[in-house]
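The lines below spell out each chain.
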Amino acid sequence: MVSFLSKKWPNMERQTTMVLATGNKGKIAEIRDLLVDFPVSIKYLNDFGPIPPVVEDGDTFEENAYKKASQVARIIGLPALADDSGLCVTTLGGLPGVRSARYGGKGLDDMERSARLLRAMAGEKDRAAAFECVISIAVPTGQALTYEARCEGLITKAPVGDNGFGYDPIFYFPPLKKTFAQLNREEKSRISHRGKALSELRAEFEKVLTWIRMHLPEEEKFT
Ligand code: ITT
């Protein structure tokens, strides 16, 4: 491993451990894919004992992403990466937005939330919407880096496709003439809000790792 890393990442002979601060399996799969060849050892919330849930009461994706990353980093004592994202529908004044995971109330699953949104859009001609994503990487002392991106599309009249998660079946991406749920993970990541935010992060990953190491206590730098 070290020899592979030292060829591709000459200044990164050791791996840095980073916790993915999300319980959303769809996000985990997409983020893991995009960091697979990077010199980080990824840990998941499940690798640690029960962690108090983060109250996502921020008004912006950025606030919530920072809250999730910084709380997990502080409690676990390792750098953490969190994603706050959602679907913003123009004609609904940007809703469900930061409340995308809770739209329609507690106890609904992804399909029921999408059905609810389609009902709210019934008869509406303006179907414009955008997925937005903010990635926050925080260290235990609270400093953080932020990456963000959006992806514009249209809300369909009915769900189409079986892939992905969340609102993917009702989000149509005109350039590919498909909903996100008709794309495989790689196709989606090339154009999605999360894929674009993570590709900015990938583009300067070496700098990010150096920044993380500078902000870690001595004994955790090379775990
Ligand atoms: P964590 O907070 O644990 O990361 P969460 O699902 O609660 O998981 P958010 O608060 O960021 O995450 O809510 C994001 C919601 O927005 C998510 O549950 C989906 O309903 C929707 N969403 C975000 N990105 C999406 C994507 O790529 N495809 C479909 N729906 C997405």
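Just above sits the structure.
Note that the structure is a prediction, hence the values are computed from the model and not measured.

Things to note about the overall build of the protein chain
Here comes step 1: A tally of helices and strands in the protein chain yields seven helices and seven strands.
Here comes step 2: Counting from the amino terminus, the protein chain carries its helices and strands in the arrangement α-β-α-β-α-β-α-β-β-β-β-α-α-α.
Here comes step 3: Scaling as 2.2 N^0.38, a compact globule of 223 residues should have a C-alpha radius of gyration of about 17 Å, and the protein chain matches this with 18 Å.
Here comes step 4: If one aligns the C-alpha atoms of the protein chain with their principal axes, the spans along those axes are about 60 × 35 × 25 Å.
Here comes step 5: A buried classification covers 46% of the 223 residues belonging to the protein chain.
Here comes step 6: The long-range fraction of contacts in the protein chain, counting pairs at least 24 apart against all pairs at least 6 apart in sequence, stands at 62%.
Here comes step 7: Accessible area of the protein chain: about 11,300 Å², with a carbon and sulfur share of 53%.

Quick notes on the nonpolar core
Here comes step 1: Judged by nonpolar contacts, the single largest core of 25 residues is most densely connected at Val40, Leu81, Ile135, Ile137, Leu201, Phe205 and Ile212.
Here comes step 2: Mapped by element, the contributors of at least two residues to this core are strand 1 (16-20), helix 2 (25-34), strand 2 (40-44), strand 4 (128-138), strand 5 (144-155), helix 6 (193-203) and helix 7 (205-214).
Here comes step 3: The dominant element in this core, judged by the number of residues it contributes, is helix 7, at five residues.
Here comes step 4: Counting 17 residues, the second largest nonpolar core, distinct from the first, contains Val89, Tyr103, Tyr167 and Phe173.

Concerning the packing of aromatic side chains
Here comes step 1: Counted according to the given criterion, the structure contains five aromatic pairs.
Here comes step 2: Aromatic side chains Phe131 and Phe171 sit 4.5 Å apart centroid to centroid with 50 degrees between the ring planes, which places their arrangement in the tilted category. With Phe131 in strand 4 and Phe171 in strand 6 (residues 171-173), this residue pair connects regions lying 40 residues apart in the sequence.
Here comes step 3: Given a relative accessible area of 6%, Phe131 falls into the buried group.
Here comes step 4: Ring geometry for Phe171 versus Phe180: centroids 4.8 Å apart, planes at 65 degrees, classification edge-to-face.
Here comes step 5: Phe171 gets classed as buried once you look at its relative accessible area, which sits at 0%.
Here comes step 6: Assessed through its relative accessible area of 0%, Phe180 is described here as buried.
Here comes step 7: What links up through ring pairs into an aromatic cluster is the set Phe131, Phe171, Phe173 and Phe180.

A word on the sheet that holds strand 5
Here comes step 1: The strand order 2-1-3-4-5-6-7 describes an open sheet built from seven strands, whose pairing is mixed. Of all strands in the sheet, those bounded by a partner on one side alone are strand 2 and strand 7 (178-179).
Here comes step 2: Summarising the sheet, strand 3 (residues 80-89) and strand 4 pair through ten bridges and their orientation is antiparallel. Bridge pairing in strand 4 links Ala82 to Ser136.
Here comes step 3: With respect to the sheet, helix 3 (residues 61-76) is in contact with strand 1, strand 3, strand 4 and strand 5, its orientation differing from that of strand 3 by roughly 160 degrees.
Here comes step 4: Sheet strands touched by helix 6: strand 3, strand 4 and strand 5. Its angle to strand 5, the strand with the most contacts, is close to 150 degrees.

Regarding the pairing of strand 2
Here comes step 1: By the bridge criterion, five bridges tie strand 1 to strand 2 in an arrangement that is parallel. From the neighbouring strand, Thr17 faces strand 2, where its bridge partner is Ser41.
Here comes step 2: Note that the unit made of strand 1, helix 2 and strand 2 has a crossover that is right-handed.

Topic: the pattern of salt bridges
Pairing is possible between side chains of opposite charge, provided their charged atoms come close.
Here comes step 1: Going through the model one piece at a time under the given rule, you end up with 15 salt bridges.
Here comes step 2: Residue Lys68 pairs with Asp84 through a salt bridge whose shortest N-O separation is 2.8 Å. Of the two residues, Lys68 sits in helix 3 while Asp84 sits in strand 3, which places them 16 residues apart along the sequence. Each member of the pair, Lys68 together with Asp84, is buried.
Here comes step 3: Between Glu152 and Arg150 there is a salt bridge whose closest N-O contact spans 2.4 Å.
Here comes step 4: With relative accessibility at 39%, the residue Arg150 sits in the partly exposed group.
Here comes step 5: Overlapping salt bridges, with partners in common, bring together Lys27, Glu30, Asp83, Asp168, Lys188 and Arg194 in one network.

The rules we used
- Residues numbered from 1 in each chain as written.
- Predicted model: local features only at pLDDT ≥ 70, side-chain atom pairs only at ≥ 80, totals over all residues.
- Heavy atoms only, no water.
- Helix = DSSP H or I, 4+ residues; strand = E, 2+ residues; numbered from the N terminus.
- Rg over C-alpha atoms; globule rule 2.2 N^0.38 Å.
- Buried < 20%, exposed > 50% of the residue type's maximum accessible area, 1.4 Å probe, protein only.
- Contact = heavy atoms within 4.5 Å.
- Areas by Shrake-Rupley, 256 points an atom, 1.4 Å probe, with all protein chains shown as cover.
- Core = buried A, V, L, I, M, F, W, Y, C linked by side-chain atoms within 4.5 Å.
- Phe/Tyr/Trp six-rings, centres within 6.5 Å; stacked < 30°, edge-to-face > 60°.
- Pairing = 2+ DSSP bridges.
- Axes fitted to C-alpha atoms, helices over the stretch in contact; angles between N-to-C directions.
- Right-handed = clockwise from strand over helix to strand, strands pointing away.
- Salt bridge = Lys/Arg side-chain N within 4 Å of Asp/Glu carboxyl O.

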